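Next come the chains, spelled out residue by residue.
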Amino acid sequence: MGRIGLKFESLRARNEKALIVYLTAGDPSLDATKKLILGLENSGVDILEIGVPFSDPTADGPVIQAASQRALKTGTTLHGVLNLVADIRRVSEIPIVLFGYFNPIFAYGVDQFAKTAKQAGVDGVLVVDLPPEEASELRIHTDAAGLDFIALVAPTTGKGRLKTILKSATGFLYYISITGVTGTAAPKAADIAREVGNIRKLTGMPIAVGFGISTAAQAQEIGGIADGIVIGSAVVKLIDENRDSDDLKEIVCEYINKIKKSLG
Amino acid sequence: MNNLPDPYGHFDIFGGRYAAETLMPALLELEVAYGKAKKDKSFAKEFDWYRREYAGRPTPLYFARRMTKALGGAKIYLKREDLNHTGSHKINNTLGQALLARRMGKKKVIAETGAGQHGVATATVAALFGMECKIFMGEEDIRRQEPNVFRMKILGAEVVPVKSGTATLKDAMNEAMRYWVGSVRDTFYIIGTTAGPHPYPVMVRNFQSVIGLEIKKQIHKTEGRNPDMLVACVGGGSNAMGTFYAFRNEKKVAMLGVEAAGLGMNTKEHSASISGGKVGVLHGNKTYLLQDEHGQVRDAYSIAAGLDYPGVGPEHSYFAKTGRATYVTVTDKEAIEAFSFLSKQEGIIPALESSHAIAYAMKIAPAMKKNKIIVICLSGRGDKDAQTIIETM
């Protein structure tokens, strides 16, 4: 079992929920991302999702789009992100998922990517535009390298399709809480409870819920339903608003602390 | 070539369905609905009726006598897609997709547009079938294709300005896809070209294939044989694929797709995905793509808004790789000269997109024998480009 699986196991044993935080790598700079990550781990983040910026993020709302653009302007590349992970691994055992789109990985070379990512200390990959139908060209390599391939389930995913997704999902299941792109609506707890309940009937795999969670109250409510919650756009927005502040890390950590406490 | 794409939408290594999970069920639903409609004779009959009675098909295959004489080589025929209702070939596809949307019970449609021709053709069918319509269009394109923006509004569509990136076609498609992720349960996305995730490339190809089928019939009537060469401009590639497809198995018919070289192929300011790109994944399919070494998609450029796109339909990539079609380029400057040439020689003002095809034919026709036949797809009319042309003068 990898770091992701072990993390969920130990959380389950303590009856705790996973706090998963997304950051766009390279916004405002790769160096700042590294400092933020190390601070976040101390604030109680359980799993990190590091966003690899892409020029055309069609599943992302305005906040992450803008962050991706800024990160690309500062010259962030997949190569640079993998170096960042290797750097973090020297001092931290926090589980790391790379979150992004297929083209940068395809351009890097799927085989080379899987090897380098594993070597750097990446634990899982989540590729938004790589549904099970197209995933094999990457999974041949990431499975062989022992990387988890995190699958997405959407509110529109039907039961038949869910079964297909579950057959090959590893690590944890990412349930998209809204029918929409990232950070553009508030999730409805009742709907999520019903859908997550339906998924649970079919799998014992940990389920994390994300896309749209931004407040401590939402975190608490959804944390009561799922095994973990993902905070993305809210953190990215906070980073952008305080990009020039000397207290950037403290501000972000304070916010994450609040979320963590509400998760219980 | 006849068995493609495979059931997952692959043309060899190209195509596929690289889409967000939220959209996957809708794409699968669309595939099933389209498969059923394709087999249903009443759908074909209905589609045919609208094409004839509403869009004005068949369009003429016009022998360009003065142009042929001026160039002094091969005989040149123009497939007059500009004479379709709404002024371009785009209506062939939007009628098909809107009829399908109606069958699926969808009352809202969305579309992306570059030159505005697809936007106008979508707004038109939305009005015709009483559907709510949103068109996503880059701000730069809104500026340079103003007449089409007015037309869409007159037709009752909402034009949503897109500010991201270079504010052109790629960005409009990004935004349309994002909007679709949030509205997929009741909204039909009418993609305007042979790109996007499966089943769009094959569906749009089939809806546009009427162009080539008519050419074949018409040229056999006037010349008693197939043409020697087909020439069409390629942005996403719908008019070119529509022109080529009926001839794909006729090995003696050469197919030339003309990409936009913009300011020149030695600059970064062009839109020639096949001639100047490499394989990648964008907007749901794998295809030739303008991108940097890190897999970030480059901004395309062309004076013709409808060609200003960094990707190309996956079947064109397949035709290029297998050599079934040849892809060449024409610069802004050459396209403008062709625009002026055709206007003065034949009294036909071509769209700047179609002017790329005219320009390439002008290059090669003089060296060809007089008994050779070239058919150029004149995909749209050029009234919309008056502003752009004035700015270049």
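Owing to the predicted nature of the structure, the values given are computational and were not obtained by experimental measurement. All residue numbers refer to position in the chain's written sequence, counted from 1. All chains are assigned letters beginning at A, and all ligands numbers beginning at 1, according to the order in which they are written. Restriction of local features to residues with pLDDT of at least 70 applies here, the model being predicted, together with a cutoff of 80 or more for giving and counting side-chain atom pairs; totals for whole chains, interfaces and linings are based on all residues. Computation of side-chain values: all heavy atoms of the structure, hydrogens and water removed.

**Q** Describe the layout of surface pockets, naming the residues involved and giving the relevant values.
**A** Residue and element names in this part refer to chain B. What the largest pocket holds in volume is close to 530 Å³. Phe-47, Asp-48, Arg-51, Val-210 and Leu-213 are the residues nearest the centre of the largest pocket, which is lined by 22 residues in total. Strands are runs of DSSP state E lasting at least two residues, helices are runs of H or I lasting at least four, and both sets are numbered from the N terminus onward. Breaking the lining of the largest pocket down by element, the ones donating at least two residues are helix 1 (24-39), helix 2 (41-55), helix 9 (200-208) and helix 10 (210-222). Take the lining of the largest pocket: its biggest share by element is six residues, from helix 2. Each residue belonging to the lining of the largest pocket can be placed in one class, and the counts come to 10 nonpolar, three polar and nine charged. Space inside and on the surface of the protein is sampled on a 1 Å grid over the protein atoms alone, with a cavity defined as a set of points where a 1.4 Å probe fits but cannot get out and a pocket as an open set with protein on both sides within 12 Å along at least 5 of 7 lines; lining residues have an atom within 4 Å of a point. Grid points are joined across faces, edges and corners, and a volume is the space filled by probe spheres set on the points. Residues are grouped as follows: Ala, Val, Leu, Ile, Met, Phe, Trp, Tyr, Cys and Pro are nonpolar; Asp, Glu, Lys and Arg are charged; all remaining types, including Gly, are polar.

**Q** With reference to specific residues and values, describe the packing of aromatic side chains.
**A** The rule is short: rings of Phe, Tyr and Trp, with Trp giving its six-membered ring, pair when the centres are within 6.5 Å, and they are stacked under 30 degrees, edge-to-face over 60, tilted in between. As enumerated under the stated definition, the model contains 20 aromatic pairs over all chains in all. Each ring, one from Phe-102 of chain A and one from Tyr-18 of chain B, has its centre 5.9 Å from the other, and the planes form 10°; the classification is stacked. Here the residue Phe-102 of chain A occupies a position in helix 5 (residues 102-108), and Tyr-18 of chain B occupies one in strand 2 (residues 14-18), the pair thus bridging two chains. Centroid distance Trp-180 of chain B to Tyr-200 of chain B: 6.4 Å. Interplanar angle 75°. Geometry classified as edge-to-face. In this pair, Trp-180 of chain B sits in helix 8 (residues 169-183) while Tyr-200 of chain B sits in helix 9, placing the two residues 20 residues apart along the sequence. Each member of the pair, Trp-180 of chain B together with Tyr-200 of chain B, is buried. Three or more aromatic residues link up through ring pairs in this structure, and these residues are Tyr-34, Phe-43, Phe-47 and Phe-207 of chain B. Burial here depends on accessible area, computed with a 1.4 Å probe over protein chains only, as a share of the maximum for the residue type. Under 20% is buried, over 50% is exposed, and the range in between is partly exposed.

**Q** Give a description of the sheet that holds strand 2 of chain B that names residues and reports values.
**A** Ordered in space as 1-2-12-11 (chain B), the four strands form an open sheet in which the pairing is antiparallel. In this open sheet, the two strands that pair with only one neighbour each are strand 1 (10-11) and strand 11 (278-282) of chain B. Contacts were defined at the residue level, with two residues in contact if any of their heavy atoms lie within 4.5 Å. Fitted lines through C-alpha atoms give the axes, limited to the stretch in contact for helices. The angle between two N-to-C directions lies from 0 to 180 degrees. In the packing of helix 7 (residues 132-145) of chain A onto the sheet, contacts are made with strand 1, strand 2 and strand 12 (284-289) of chain B, and the angle to strand 2 of chain B comes to roughly 110°. Only when DSSP finds a minimum of two bridges between them are two strands counted as paired.

**Q** Give a description of the interface of chain B and chain A that names residues and reports values.
**A** Contacts between the two partners involve 34 residues from chain B, matched on the other side by 36 residues from chain A. Buried area, as used here, totals the accessible surface that two parts lose on assembly, with accessibility defined by a 1.4 Å probe and the loss added over both. Between chain B and chain A lies a buried interface of about 2800 Å² when both sides are counted; carbon and sulfur atoms form 54% of it. Here Lys-286 of chain B and Glu-137 of chain A are joined by a salt bridge, their closest N and O atoms 2.6 Å apart. Whenever two N or O atoms come within 3.5 Å, that pair is a polar contact, provided that in protein one can donate a hydrogen and the other can accept it, and provided that, for residues adjacent in sequence, both atoms are side-chain atoms. If you look at where chain B meets chain A, you find 21 residue pairs in polar contact (both at pLDDT 80 or more). Elements represented by at least two residues in the side of chain B that touches chain A include exactly strand 2, helix 1, helix 8, strand 11 and strand 12 of chain B. Ranked by residues supplied to the side of chain B that touches chain A, first place goes to helix 8 of chain B with seven residues. Residue composition of the side of chain B that touches chain A, grouped by class: 15 nonpolar, 11 polar and eight charged. Should a side-chain nitrogen of Lys or Arg be within 4 Å of a carboxyl oxygen of Asp or Glu, the pair is scored as a salt bridge.

**Q** So what about the environment of Ala-357 of chain B? Which residues, and what values?
**A** Residues and elements named next belong to chain B. For Ala-357, the location among the structural elements is in helix 15 (residues 352-364). Judged by its relative accessible area of 0%, Ala-357 falls in the buried class. Residues Ala-357 and Ala-232 lie 125 residues apart in sequence; the distance between their C-alpha atoms is 5.1 Å. Discounting chain neighbours no more than four positions away, the residues touching Ala-357 are Val-231, Ala-232, Cys-233, Val-258, Ile-376 and Cys-377.

**Q** Any details on the side chain of His-89 of chain B? Residues and values, ideally.
**A** Residues and elements named next belong to chain B. With respect to the secondary-structure elements, His-89 resides in the loop between strand 4 (75-80) and helix 4 (90-103). Residue His-89 is classed as buried on the basis of its relative accessible area, which comes to 6%. A distance of 2.9 Å separates polar atoms of two side chains, one belonging to His-89 and the other to Ser-238.

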